[in-house]
Amino acid sequence: MAPRKFLSSNNSNAPRVIYWFRTDLRLHDSPALHAALDLKPSVLYPIWTWDPHYVYRARVGQNRFQFLIDCQNDVSSSLTKLNPKQKLLVIREAPQTLIPKLIKEWRITHLVFEKDTDAYARSRDKEVINAAEEAGVKVIIKSGRTLWDSDEVVKQNGGKPTMSMTQLEAAGKKVGDIANPLPTPKKLPDPGDTKLSFDQNIPVSSPDFSKDYREGEEKSYKYGLSGPNKDFGVPTLEELGLQKATTPHKGGESQALSILDTVTNDAQYTATFEKPKTSPAAFDPQSTCLTSPHLHFGSLSVREFWWRVQKVLDGYKGTPSQPPTSLHGQLLFRDMYFGAQAALGWQFGQTYDNSHCRFVPWHLPSKVDLKTGLITGEYEVDDKQAEEYFIRWREGRTGFPWIDALMRQLRQEGWIHHLGRHSVACFLTRGGCYVSWERGAEVFEELLIDHEAACNIGNWQWLSCTAFFSQFYRCYSPVAFGQKWDKEGNFIRRYVPELKDVPAKYIYEPWKTPIADQKKAKVQIKGDGSTEKDGDVKLYPKPMLDFNHQRQVCIDGMKAAYDVKLYGNSKEVKDGTWSKLFDDHGEGLTQGTKGGPGGTMGEHEDATGHEEGEPHSTKTPNGNSSVKAKGSGGAAGGGKREQGQGTLDGSVKRMKNE
DNA sequence: GCCCCGGTTGGGTCT
DNA sequence: GAGACCCAACCGGGG
């Protein structure tokens, strides 16, 4: 970070400042924005760099893009309200190349932005900072995304990732008090001349991991730096070639602050909130306040949230709930995951080479680029059955209505309740399909409007019992857990409409519905869900697996994996000899040597030239192939996503032909 | 090193 | 319907 030398205000060369908006799309409580205004700039350029990484490589479905666009429009109109000459300047180019050119063109003296500890953001920002400093520009970076600066938290945790609430709370205490929110600025300086005389760097659009969500031509970089209207306007989904968003949830700081008002005006709700007691089956309205996407985009400050809740607690006469289940507890968990990610970097988002992620020989393991040590976005199909489980899980046609309703709500609305996420994540990994948590994390990354890399990765590790949590014998039932919350199955009737007239007695287990009742409900329980109708009769699939049997298979597998005590960075995981440590040599669950990182190396060597000397070179003898997940770029927010080869469709076709 | 306890959110059975 | 207890047994943290 650059030394923070402030120029004196009587300097005739008053600061010319770029304020770079990122995951801080708000004007309230923004330490970085205050730092920019404290410079008393003569001109202030509020910019957003339309980063091709976000457009093509990160997996962002149309719902999250829409939420981002909402946030950008809202912040832009707030800027205009403070100064009619101001607005958000959205510039279509990667920041690494764009910002150095802007510095020159606009004679910039200071670059100011909020710290981002995500793995990609760190590498991107390093390049930008270096280029800016080389150009003689002061770079000012302020922490503002979390309760405490995540790097400070890590430092106070002995340089280690925060892997428990105890560690986070102890480290946070040492860092100091949670900062009080800063007020929204009352005025803004003018922007300078926005003329751009340089050429636009057109990014490489391939691989395009959002391509499955596009219906029209992707035109993000087609109209030059300032967009189709030459006005630096916020892009539209049409410009991105994306399908229309289906989420009912709206982005923007105004929306976020209004939700916060509603929540904190209800002192009883705010003070006695206990997450495990909120229902995952509630909809319209849901049982929680849906601030998570606003925290992700920064349209809501987490410290504003903290202190507004504290104010309610201060005035509350009854017995308030406590962390970790209280509202404060939820915010603390977020900081815990940020503290884990800040310490571990790219490796946090994958099993391979992750010192804090337990090795389990899951099905469909990620492929690894041995040069970088990072996962590539492709995965190994070690088992055809597991691949089918995964596809049916992702598409919401497992034959378990509770799971399918949640997965369909996720796809439509971009949000499901935390406990719903627990249900589907447990089912995919340790409590059903025995598929790698990295596959599930990638699907969530695509579909969630509140996708926060640190929290998503952390929660998937939690649920799969590979980090943070280890009681794998506590397993969610795809039938009983939903029933506990919603006896009548109204949630299922809403999101799996083909079952809407099935009697409550069978709604969680429709395969038990007598034929006469199926006829009355105008649905037939048949097939695998790939066909919606048989003539005029709606179809809903039979369950794709015997849950009670699979639960035992998974628990036995987890026990074996815990017994061998391997982590992602263990020698045996990295050199592929891990399978020797399992009684069945990994033959049982993993179908032999094809599973796990060791199994991926053989395939990978072909691509990277590491032909010889690598142990455990393994081909796929029965013709299974490596595939890239649909719309996936890998890495659960972690990997570099540079390699993209086969397609899922290809693999499905191959499977059908066999 | 050992023991004990607690761990945001399990399920099933019994009283 | 709520609460106690068991199931089989994980980890980390504190004494």
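Residues numbered from 1 in each chain as written. Chains lettered and ligands numbered in written order. Predicted model: local features only at pLDDT ≥ 70, side-chain atom pairs only at ≥ 80, totals over all residues. Heavy atoms only, no water.

A. View of the overall build of chain A. From N to C terminus, chain A includes 25 helices and 11 strands. Sorting the 658 residues of chain A into buried and exposed places 61% on the buried side. Taking as baseline every contact in chain A between residues at least 6 positions apart, the subset at least 24 positions apart corresponds to 75%. Roughly 25800 Å² of accessible area belongs to chain A as shown, and the carbon and sulfur atoms make up 50% of that amount. (Helix = DSSP H or I, 4+ residues; strand = E, 2+ residues; numbered from the N terminus. Buried < 20%, exposed > 50% of the residue type's maximum accessible area, 1.4 Å probe, protein only. Contact = heavy atoms within 4.5 Å. Areas by Shrake-Rupley, 256 points an atom, 1.4 Å probe, with all protein chains shown as cover.)

B. Spatial organisation of the pattern of salt bridges. Considering all chains together, one arrives at 37 salt bridges under this definition. When the shortest N-O distance is used, the salt bridge between Lys-115 and Asp-149 registers 3.1 Å. In this pair, Lys-115 is assigned in the loop between β4 (110-114) and α5 (119-134) and Asp-149 in the loop between β5 (138-142) and α6 (150-156), connecting sequence segments 34 residues apart. For Lys-115, a relative accessible area of 18% puts it in the buried group. We note a salt bridge from Glu-395 to Arg-397, for which the minimum N-O separation is 2.9 Å. The exposure class of Arg-397 is buried, given its relative accessible area of 15%. Counted as one network, the salt bridges with shared partners bring together Arg-59, Arg-439, Glu-442, Glu-445 and Glu-446. (Salt bridge = Lys/Arg side-chain N within 4 Å of Asp/Glu carboxyl O.)

C. Local environment of the protein's contact with DNA strand C. Gln-167, Arg-358, Ser-470, Gln-471, Phe-472, Tyr-473, Lys-559 and Tyr-562 make up every residue found near DNA strand C. When atoms of DNA strand C within 4 Å of the protein are split into backbone and base, the sugar-phosphate part holds 61%. A distance of 2.7 Å separates a phosphate oxygen of DNA strand C from a polar atom in the side chain of Gln-167. A distance of 3.0 Å separates a sugar or linking oxygen of DNA strand C from a polar side-chain atom of Ser-470. Looking at side-chain class alone, the surface near DNA strand C contains 3 nonpolar, 3 polar and 2 charged residues. (Near = heavy atom within 4 Å. Polar contact = N/O pair within 3.5 Å; in protein donor to acceptor, adjacent residues only side chain to side chain. Nonpolar A, V, L, I, M, F, W, Y, C, P; charged D, E, K, R; others polar.)

D. Layout of the nonpolar core. Of all hydrophobic cores here, the largest spans 143 residues; its most connected members are Phe-21, Trp-50, Val-112, Phe-305, Trp-393, Phe-427 and Leu-499. Counting residues per element, this core draws most heavily on helix α13 (residues 327-344), which supplies 9 residues. If near-sequence neighbours (up to four positions away) are discounted, Val-112 is found in contact with Val-17, Ile-18, Tyr-19, Trp-20, Ala-32, Ala-35, Ala-36, Leu-39 and Ile-140. Membership of the second largest hydrophobic core comes to 24 residues, among which are Tyr-45, Ile-47, Leu-98 and Leu-111. (Core = buried A, V, L, I, M, F, W, Y, C linked by side-chain atoms within 4.5 Å.)

E. Spatial organisation of the state of the cysteines. Under the counting rule described, the total for this entry stands at 0 disulfides. Of all cysteine sulfurs in the structure, the one in Cys-455 sits closest to Cys-289, which takes part in no disulfide; the separation is 14 Å. Lacking any disulfide linkage, Cys-426 is separated from the closest cysteine sulfur, that of Cys-475, by 4.1 Å. (Disulfide = S-S within 2.5 Å.)

F. A look at the protein's contact with DNA strand B. Around DNA strand B sit 18 residues, and of these Pro-276, His-418, His-422, Cys-475 and Ser-477 come closest. The share of sugar and phosphate among atoms of DNA strand B within 4 Å of the protein is 40%. Here His-422 contributes a side-chain N or O atom positioned 3.4 Å from a base oxygen of DNA strand B. Listing elements by their share of the surface near DNA strand B, those giving two or more residues are α13, α16 (418-428) and α19 (480-485). Residue classes in the surface near DNA strand B are distributed as 9 nonpolar, 6 polar and 3 charged.

G. Examining the pairing of strand β6 (residues 366-369) more closely. Going residue by residue along β6, you find Ser-366 and Val-368 tucked away on one face and Lys-367 and Asp-369 tucked away on the opposite face as well. Bridge count for β6 against strand β7 (residues 374-379) is 3 bridges, and the pairing is antiparallel. Of the residues in β7, the one forming a bridge with Ser-366 is Tyr-379. Between β6 and β7, which pair antiparallel one after the other, the connecting turn spans 4 residues, and Gly-373 there sits at a positive phi close to 75°. (Pairing = 2+ DSSP bridges.)

H. The sheet that holds strand β8 (residues 523-525), seen in detail. Here 3 strands make up an open sheet; going across it, the order is β8-β10-β9 and the pairing mixed. Edge positions in the sheet fall to β8 and β9 (533-534), since each of these pairs with one other strand and no more. Taken together, the 3 bridges between β8 and strand β10 (residues 537-540) define a ladder with parallel strand orientation. Bridge assignment links Ile-525 to a residue of β10, and that residue is Tyr-540.

I. Up close: helix α12 (residues 302-314). The end-to-end C-alpha distance of α12 is 18 Å, a good match for the 18 Å that 13 residues give at a rise of 1.5 Å each. Among all positions of α12, only Val-302, Arg-303, Glu-304, Phe-305, Trp-306, Val-309 and Val-312 are buried. Lining the buried residues of α12 we find α1 (31-38), α9 (253-265), α10 (267-272), α11 (292-297) and α13. The opening residue of α12 is Ser-301, an N-cap whose side-chain oxygen sits 3.1 Å from the backbone nitrogen of Arg-303. (Expected span 1.5 Å × (residues − 1).)

J. Geometry of helix α7 (residues 165-175). Turning to α7, its buried residues number three or more, namely Met-165, Leu-168, Ala-171 and Gly-172. One side of α7 carries all its buried residues, which in axial view fall inside an arc of 135°. Those residues of α7 that are exposed and angled more than 90 degrees off the buried face are Thr-166, Lys-173 and Lys-174. Lining the buried residues of α7 we find α6 and α13. (Arc of directions from axis to C-beta.)

K. Main features of the sheet that holds β5. Taking strand neighbours across the sheet as the criterion, the 5 strands line up as β3-β2-β1-β4-β5 in an open arrangement whose pairing is parallel. With partners counted over all chains shown, the strands left at the sheet margins are β3 (89-91) and β5, one partner each. On average, adjacent strands in this sheet sit at an angle of 30° to one another, irrespective of strand direction. By the bridge criterion, 3 bridges tie strand β2 (residues 43-49) to β3 in an arrangement that is parallel. (Axes fitted to C-alpha atoms, helices over the stretch in contact; angles between N-to-C directions.)

L. How the structure looks around the packing of aromatic side chains. Under the criterion given, the structure shown has 32 aromatic pairs. Measuring from ring centre to ring centre gives 6.0 Å for Trp-50 and Phe-65, while their planes differ by 40°; the resulting arrangement is tilted. Within this pair, whereas Trp-50 is found in the loop between β2 and α2 (52-57), its partner Phe-65 is found in helix α3 (residues 62-82), the two being separated by 15 residues in sequence. Arranged with centres 5.4 Å apart and planes meeting at 65°, the rings of Phe-400 and Phe-427 form a pair that is edge-to-face. (Phe/Tyr/Trp six-rings, centres within 6.5 Å; stacked < 30°, edge-to-face > 60°.)

M. Spatial organisation of the environment of Phe-209. Along the chain, the position of Phe-209 falls in the loop between α7 and α8 (237-240). Separated by 151 residues in the primary sequence, Phe-209 and Ala-58 have C-alpha atoms spaced 7.0 Å apart.

These results come straight from atomic positions and should not be treated as a statement about function.
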